[in-house]
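Here are the chains, one letter per residue:
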Amino acid sequence: MKFLFFIFLFFLLPNTWGVNLQDKLKQIDDEFIGKVGVYVKHLGDGTSVTYQTDRDWYLASTVKIPIGITILQLVEEGEFSLDDELVVQETDFVDGSGDLMWQEPGISYTILELMDRMIRDSDSTATDILIRFLGEERLNKHIRDHIIRDGIENITTILQVRYDAYGEIHKTAANLTNMNIIELKGVTPMASRLDELLRILEITENDIQVASIPDAFERYYQKRLNSGSLEAMGVMLERLANGEYLNKENTEILINIMKSVTTGTRRIQAGLPEGSEFAHKTGTQIGRACNMGIVYLNETEPVVVAACAENYRSLKEAEDVFKKVGEIVSNNVLNGSV
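Residues numbered from 1 in each chain as written. Predicted model: local features only at pLDDT ≥ 70, side-chain atom pairs only at ≥ 80, totals over all residues. Heavy atoms only, no water.

Caption draft 1: Just the packing of aromatic side chains, in detail. For the structure on display, the rule yields six aromatic pairs. Plain terms: the ring middles of Tyr-58 and Tyr-221 are 4.7 Å apart, the flat faces sit at 45° to each other, and that makes the pair tilted. Of this pair, Tyr-58 sits in strand S3 (residues 56–58) while Tyr-221 sits in helix H10 (residues 213–221), and the two are 163 residues apart along the sequence. Here the two residues Tyr-58 and Tyr-221 agree in accessibility, since each one is buried. (Phe/Tyr/Trp six-rings, centres within 6.5 Å; stacked < 30°, edge-to-face > 60°. Helix = DSSP H or I, 4+ residues; strand = E, 2+ residues; numbered from the N terminus. Buried < 20%, exposed > 50% of the residue type's maximum accessible area, 1.4 Å probe, protein only.)

Below is the structure:
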């Protein structure tokens, strides 16, 4: 009888979780030093909440989700197999997450292995190998034609992100090798990294266009590359969850990889209740962070969550905000759905 009573409430009482969530997201934003945008949709009752999603956000590595969808769609079209192997070239190595950049050139990995590393470990080198294989222009056209028509700006390689950002400091950054860029990432603090960059480029502080590397990245973000709408990303995740992009087997492959993601344990996932699963992807860049995916809560329909933050003082502050988003989504959706 108690179960039937809750079912009765679910169908006959107005759903208020969306209103409550909107208020709580505003409270989080008011208490946050930076800016935060959040998109939430309950795939069971269709209720959605958007907060500061009427603009583009730098998506960082969350763009690896549409790259994964593209790969699996082309597999279904018979263009290649997940078992096909790609050879790692020295020019593929790039700084960032993952350990592939420390392997020897000439080693081969299957497309499935590279896609797994790209999403599970956010491996930058694996990502650039796959983008090289697909072709950057073709990848972006496929995403516009088959995944998200509007809402994501041009996706580039991770290496190109570095060239574009460092190019804001001085145009000769185009002469850096990918190994130079890897070496630069290991130099800390940021001021010392700038000094090392100037040494490599054989220029002085009088020659540069911006005062610091974070300033260079801020200028780069204004170009809106690798950026997009949280609502567009949310709709993409919904369609992925509903099996609209891929057949059942490939949908499960991608979602299971996203469930095994090793990054972001202190973000949205940290605010979810015990026993829930989160098929997600994180993204992190200087002054920018994102976390988005599909939450599978106990005995409820899936919930799509897409969040990005910027202009914070430390990454921990952004992660704390994402954790709060996970907590209020869990509390509001669970309490508002019964």
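Caption draft 2: Spotlight on the packing of helix H7 (residues 158–167) against helix H8 (residues 178–185). The N-to-C vectors of H7 and H8 enclose an angle of 75°; their axes lie 11 Å apart at closest approach. As judged from the angle between their axes, H7 and H8 are roughly perpendicular. Touching Leu-159, Arg-162, Tyr-163 and Tyr-166 of H7 are Asn-178, Ile-181 and Leu-184, all from H8. (Axes fitted to C-alpha atoms, helices over the stretch in contact; angles between N-to-C directions. Parallel < 35°, antiparallel > 145°, perpendicular 65-115°, else oblique. Contact = heavy atoms within 4.5 Å.)

Caption draft 3: Structural context of the side chain of Asn-140. If you trace the backbone, Asn-140 turns up in helix H6 (residues 136–146). Those residues in contact with Asn-140, other than ones at most four positions away along the chain, are Glu-153, Asn-154 and Ile-155.

Caption draft 4: Examining the state of the cysteines more closely. Tallied over the full model, the rule gives one disulfide. Sulfur-sulfur distance for the disulfide between Cys-290 and Cys-308 comes to 2.0 Å. With the S-S dihedral at roughly 110°, the linkage between Cys-290 and Cys-308 falls on the right-handed side. Taken as a pair, Cys-290 in strand S8 (residues 288–296) and Cys-308 in strand S9 (residues 303–310) lie far apart in primary sequence, 18 residues in all. The pair formed by Cys-290 and Cys-308 is uniform in burial state, with each residue classed as buried. (Disulfide = S-S within 2.5 Å.)

Caption draft 5: Seen up close, the sheet that holds S8. Read from one edge to the other, the open sheet built from five strands follows the order S2-S1-S9-S8-S7, with strand pairing classed as antiparallel. Both edges of this open sheet fall to strand S2 (48–51) and strand S7 (277–285), since each of them pairs with a single strand only. The mean angle between the axes of side-by-side strands here comes to 5°, regardless of whether they run parallel or antiparallel. As defined by bridge partners, strand S1 (residues 35–42) adjoins S2 across four bridges and the pair is classed as antiparallel. By the bridge assignment for S2, Tyr-39 is matched with Thr-50. (Pairing = 2+ DSSP bridges.)

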